[in-house]
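So you can see what is in the structure, the chains are spelled out below.
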Amino acid sequence: MRQVQDRAHHLEGDSLECRAVVTDFDGDGRLDLIVSHGESAAQPLSVYRVIQGSSNRWLRVIPRTRFGAFARGAKVVVYTKRSGPHTRIIDGGSGYLCEMEPVAHFGLGKDLATSVEVFWPDGRSMAKPLDRSDMNTVLEVLYPKDQHEPTTAPEMECGHGFAVNEHGRCTDEDECFQFPSVCPPERPVCTNTYGSFKCRANKRCNHGYEPNDEGTACVAQVAYFGGGQSSGGGDGGGGVCVGVERILLLLSLLLSSQMT
Ligand SMILES: [Ca+2]
Ligand SMILES: [Ca+2]
């Protein structure tokens with residue numbers, strides 16, 4: 001990693017106020033990195049084109065609005081054979097001076113996607129089973145104009161830990177509720193999780209504290225928002241609109257991911 005970071009510093013130097021976006025610049029299904037410079041004078045863009053990973057599978061999903069525009073704010077969930085569900089949001093503006101592509105990109109490695117669900121901001125949704133021929137393609141998903149038109153198929157495959165509900169959508173199975181004895185006696189406390197469940201030892205904690213995942217100690221309670229822990233703010237409001245240090249880190253991660 002250190003070597004990759006040094007290489008990134010060598011390539012980008014100490015440029016100030018540069019911004020970056022990750023996108024599939026050449027349409028080959030592998031994400032590339034574009035870095036802009038020049039806060040006060042014109043400077044060329046840097047384009048880092050990914051050439052490794054050609055044997056990996058991928059899927060790109062483009063949800064559309066009812067008017068055919070990119071569906072900003074839509075959520076795209078892809079279920080897979082081995083690695084569970086993957087979620088992307090079509091971002092309406094990633095941050096200061098840059099913006100992500102309005103495409104849900106899924107790098108699958110050797111895995112296979114089995115179904116895709118799209119949720120539009122107005123609550124409309126669709127679901128569609130996928131097969132091998134859908135891998136390594138760009139999937140355009142039109143807005144389902146007819147509220148009553150079937151938007152799912154009976155052969156939906158959601159993968160381990162999920163089941164198809166009465167609306168034809170993949171939903172998490174509550175293993176703790178369905179199988180009350182799913183946890184072993186030494187770790188009897190069951191906590192349902194998205195796609196799985198956890199078992200821990202029984203432990204009482206004082207107010208403001210909660211057992212850790214193993215039930216071996218009490219830790220301070222933390223706030224959760226939508227299942228993920230809160231995190232600190234970032235430069236430019238998050239997304240991939242970042243300062244030079246984060247660009248170098250992003251570049252390092254991109255380069256290192258190609259080496260694996
Ligand atoms: Ca590419
Ligand atoms: Ca579960």
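The written sequence of each chain sets the order in which its residues are numbered from 1. Note on labels: chains are lettered from A, ligands numbered from 1, in written order. In keeping with the predicted nature of the model, local features appear solely for residues at pLDDT of at least 70, side-chain atom pairs appear and are counted solely at 80 or more, and the whole-chain, interface and lining totals rest on all residues.

- In the annotation of an unreviewed UniProt entry, the entry for the chain reads EGF-like calcium-binding domain-containing protein, and the organism field reads Alosa alosa.

## Focus: the pairing of strand S5 (residues 75–80)
Part 1 of the argument: Most of S5 sits inside the fold, with 5 of its 6 residues counted as buried.
Part 2 of the argument: For two strands to count as paired, DSSP must find a minimum of two bridges between them. Counting from the N terminus, the helices are the DSSP runs of H or I reaching at least four residues and the strands are the DSSP runs of E reaching at least two. Pairing of S5 with strand S6 (residues 86–89), which is carried by 4 bridges, proceeds in the antiparallel orientation. Pairing of Val 78 across the sheet is with His 86, part of S6.
Part 3 of the argument: A loop of 5 residues connects S5 with S6, the two strands running antiparallel in sequence, and Gly 84 in this loop sits at a positive phi of about 75°. Residues are called buried when their C-beta atom has 20 or more other C-beta atoms within 10 Å, exposed when it has 12 or fewer, and partly exposed otherwise; all C-beta atoms are positioned from the backbone.

## So, the environment of Ile 89
Part 1 of the argument: Considering the arrangement of structural elements, one finds Ile 89 in strand S6.
Part 2 of the argument: Take Ile 89: there are 13 C-beta atoms within 10 Å of it, and that puts it in the partly exposed class.
Part 3 of the argument: Distance in space between the C-alpha atoms of Ile 89 and Phe 119 is 9.5 Å, their sequence separation being 30 residues.

## Overview of unusual backbone geometry
Part 1 of the argument: We note that Asn 136 has phi near 60°; this positive angle belongs to a residue other than glycine.
Part 2 of the argument: For Asn 136, the position within the fold is in the loop between strand S9 (125–129) and strand S10 (137–141).
Part 3 of the argument: Judged by C-beta crowding, with 14 C-beta atoms within 10 Å, Asn 136 ranks as partly exposed.

## Quick look at the sheet that holds strand S7 (residues 104–109)
Part 1 of the argument: Reading across the sheet, the 3 strands line up as S7-S4-S10 and stay open at both edges, with mixed pairing between neighbours. Looking at which strands have only one partner, the edges of the open sheet turn out to be S7 and S10. Going from strand to strand, the sheet's axes swing by 20° on average, the running direction of each strand aside.
Part 2 of the argument: Where strand S4 (residues 57–63) meets S10, 5 bridges bridge the pair, whose relative direction is parallel. Across the sheet, the residue bridging to Pro 63 is Val 141, located in S10. Where helices are involved, their axes are fitted lines through C-alpha atoms of the stretch in contact, as for all axes, and angles between N-to-C directions lie from 0 to 180°.

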